[in-house]
2 protein chains.
Amino acid sequence: MKIKEVSQKYNIPADTLRYWERQGAIPPVNRDEAGYRDYDQEDMDWISFAQCMREAGVSIEYLIEYIELFKGGKKTLEARKDLLREQLKVIKRHLDEVQNTYDLINKKVQNYETHVEGYHGKLIK
Amino acid sequence: MKIKEVSQKYNIPADTLRYWERQGAIPPVNRDEAGYRDYDQEDMDWISFAQCMREAGVSIEYLIEYIELFKGGKKTLEARKDLLREQLKVIKRHLDEVQNTYDLINKKVQNYETHVEGYHGKLIK
DNA sequence: ATAAACCTTGGAGTCGACTCAAAGGCAAGC
DNA sequence: GCTTGCCTTTGAGTCGACTCCAAGGTTTAT
């Protein structure tokens with residue numbers, strides 16, 4: 001699969017896919033005879049992974065670190081697990097914050113539904 | 001309450017509080033005789049609001065828009081409600097994505113717990 | 001009354017993450 | 001065989017959101 005197809009499939013700009021690879025946030029992608037990137041399923045799994053992580057707010061730097069470990073093979077298993085656990089905690093915290101805001105805005109919209117005037121109201125009890 | 005106290009209370013750098021105000025992401029804060037910012041409860045409610053929204057990924061631009069509307073008073077009620085509803089949708093989408101990633105990473109950590117070798121595994125089924 | 005610790009502004013600098021541009025190679029259709 | 005459209009790299013530019021700095025005013029403690 002060429003870069004444009006992958007770009008469309010995952011809705012990620014081709015420039016971003018190249019950028020991620022250049023930075024080392026995903027492993028190097030195989031090339032065809034012309035030197036064009038030719039993504040296989042594994043490459044795309046890595047893209048999915050990176051996309052998820054990025055959407056959850058994980059930095060490129062962390063992804064690079066994970067890939068670095070992955071390159072190190074079996075002996076980095078523990079380190080990788082630790083890294084993921086660490087990120088999991090960060091994501092959880094973020095998740096709770098977003099959930100909190102969602103609930104608050106939701107209430108606020110309710111207020112707008114039922115209240116009068118230029119009511120602002122408290123967001124935090 | 002002076003800026004340093006507010007900064008500590010909400011754990012937001014004073015520079016950021018000034019920045020938000022300068023941009024119009026929160027309404028102007030009252031000043032004392034010396035020209036120093038003197039935050040009252042309402043100011044702090046706005047800071048809470050901005051903090052929540054920012055944590056949920058809402059841009060400064062949106063906050064400015066909301067404040068602009070708020071300045072317009074009663075006649076902007078509908079527009080404000082619409083804006084919040086719109087943001088609510090965006091936050092919801094983000095929330096689902098983050099939740100999704102959380103679950104995936106969680107599974108991945110489980111895999112590391114039970115699996116052998118340099119197993120990467122699929123993240124997306 | 002002088003230093004330390006606040007505060008002010010305007011503007012410049014930084015940082016992460018893209019995003020674009022230039023210069024050029026390959027490939028398919030007319 | 002030439003145009004169109006894709007691909008390559010390197011390097012520079014942009015953007016949002018801070019973050020810091022300089023120059024200067026105020027307040028508090030000694």
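Okay, so let's go over this structure. Note that the coordinates shown come from a computational prediction; the quantities given were computed from them, not determined experimentally.

**A look at the interface of chain B and chain A**
Move 1: On the side of chain A, 42 residues touch chain B, which itself brings 42 residues to the contact.
Move 2: On the surface where chain B and chain A come into contact, there are four salt bridges.
Move 3: In this structure, Glu113(A) and Lys81(B) form a salt bridge, with 3.2 Å as the shortest nitrogen-oxygen distance.
Move 4: At the boundary of chain B with chain A, the tally comes to 11 residue pairs in polar contact (both at pLDDT 80 or more).

**A few points about the relation of the copies chain B and chain A**
Move 1: Structural alignment of chain B on chain A gives an RMSD of 0.1 Å, achieved by rotating through 180 degrees and translating 0.0 Å along the axis. Such values leave the two copies arranged in the relation of a two-fold axis. By C-alpha distance to the rotation axis, the residue of chain B lying nearest is Leu95(B), at 3.4 Å.
Move 2: In this assembly, 100% of the residues forming the interface of chain B have copies in chain A that are likewise at the interface, indicating an isologous arrangement.

**Focus on the protein's contact with DNA strand D**
Move 1: Lining the immediate surroundings of DNA strand D are 19 residues, of which Lys4(A), Arg37(A), Asp15(B), Tyr36(B) and Arg54(B) lie closest.
Move 2: When the atoms of DNA strand D within 4 Å of the protein are sorted by group, sugar and phosphate make up 70%.
Move 3: For DNA strand D, a base nitrogen lies 2.3 Å from a polar atom in the side chain of Tyr36(B).
Move 4: Interatomic distance of 2.9 Å between a side-chain N/O atom of Arg54(B) and a phosphate oxygen of DNA strand D.
Move 5: Counting residues per element, the surface near DNA strand D draws most heavily on helix α2 (residues 14-23) of chain B, which supplies four residues.

**What about the nonpolar core?**
Move 1: Counting 67 residues, the largest nonpolar core has Trp20(A), Ile47(A), Trp20(B) and Ile47(B) as the members making the most contacts within it.
Move 2: Setting aside residues no more than four positions away along its own chain, Trp20(B) makes contact with Ile12(B), Ala25(B), Ile26(B), Ile47(B), Ala50(B), Gln51(B), Arg54(B) and Ile60(B).

**Some details on unusual backbone geometry**
Residue and element names in this part refer to chain A.
Move 1: The phi angle at Asn11 is positive, at roughly 55 degrees, despite the residue not being glycine.
Move 2: If you trace the backbone, Asn11 turns up in the loop between α1 (3-10) and α2 (14-23).
Move 3: Of the residues examined, Asn11 reaches a relative accessible area of 69% and is grouped as exposed.

**Observations regarding the packing of aromatic side chains**
Move 1: The final tally for this structure, using the stated rule, is 10 aromatic pairs over all chains.
Move 2: Between Tyr66(A) and Phe70(A), the aromatic rings sit 6.5 Å apart at their centres with planes inclined by 35 degrees, giving tilted as the arrangement. Highlighted residues: Tyr66(A) and Phe70(A), both in helix α4 (residues 60-71), separated by four residues, approximately one helical turn.
Move 3: Three or more aromatic residues joined by ring pairs form one cluster here, namely Trp46(A), Phe49(A), Tyr66(A) and Phe70(A).
Move 4: Here the guanidinium or amino end of Lys108(B) rests over the ring plane of Phe49(A), the centre of that ring lying 5.3 Å away.

**Focus: the protein's contact with DNA strand C**
Move 1: With respect to spatial proximity, 20 residues lie near DNA strand C, and among them Tyr36(A), Arg54(A), Arg18(B), Arg31(B) and Arg37(B) are the closest.
Move 2: The sugar and phosphate moieties of DNA strand C supply 69% of its atoms located within 4 Å of the protein.
Move 3: For the surface near DNA strand C, the residue count by class is eight nonpolar, three polar and nine charged.

**Regarding the environment of Arg80(B)**
All names here are of chain B.
Move 1: Relative to the helices and strands, Arg80 is located in helix α5 (residues 77-114).
Move 2: By relative accessible area, Arg80 is classed as buried at 0%.
Move 3: Residues Arg80 and Ile67, 13 residues apart in the sequence, show an inter-C-alpha distance of 9.1 Å.

**Re the environment of Leu77(B)**
Residues and elements named next belong to chain B.
Move 1: Note on placement: Leu77 falls in helix α5.
Move 2: For Leu77, a relative accessible area of 18% gives the class buried.
Move 3: Sequence spacing of Leu77 and Leu63 is 14 residues, and the spatial spacing of their C-alpha atoms is 15 Å.

**Points about the packing of helix α5 (residues 77-114) of chain A against α5(B)**
Move 1: α5(B) packs onto α5(A) with a crossing angle of 155 degrees between their chain directions and a minimal axis gap of 8 Å. Here α5(A) lies roughly antiparallel to α5(B), going by the angle between them. The element α5(A) and its partner α5(B) pack so that their crossing is left-handed.
Move 2: Considering only residue class, the contact of α5(A) with α5(B) consists of 20 nonpolar, eight polar and 12 charged.

Reading the values: the criteria
- Residues numbered from 1 in each chain as written.
- Chains lettered and ligands numbered in written order.
- Predicted model: local features only at pLDDT ≥ 70, side-chain atom pairs only at ≥ 80, totals over all residues.
- Heavy atoms only, no water.
- Contact = heavy atoms within 4.5 Å.
- Salt bridge = Lys/Arg side-chain N within 4 Å of Asp/Glu carboxyl O.
- Polar contact = N/O pair within 3.5 Å; in protein donor to acceptor, adjacent residues only side chain to side chain.
- Least-squares fit on C-alpha atoms with pLDDT ≥ 70 in both.
- Near = heavy atom within 4 Å.
- Helix = DSSP H or I, 4+ residues; strand = E, 2+ residues; numbered from the N terminus.
- Core = buried A, V, L, I, M, F, W, Y, C linked by side-chain atoms within 4.5 Å.
- Buried < 20%, exposed > 50% of the residue type's maximum accessible area, 1.4 Å probe, protein only.
- Phe/Tyr/Trp six-rings, centres within 6.5 Å; stacked < 30°, edge-to-face > 60°.
- Lys NZ or Arg CZ within 6 Å of the ring centre and 35° of its normal.
- Nonpolar A, V, L, I, M, F, W, Y, C, P; charged D, E, K, R; others polar.
- Axes fitted to C-alpha atoms, helices over the stretch in contact; angles between N-to-C directions.
- Parallel < 35°, antiparallel > 145°, perpendicular 65-115°, else oblique.
- Left-handed = near helix turned anticlockwise from the far one by under 90°.

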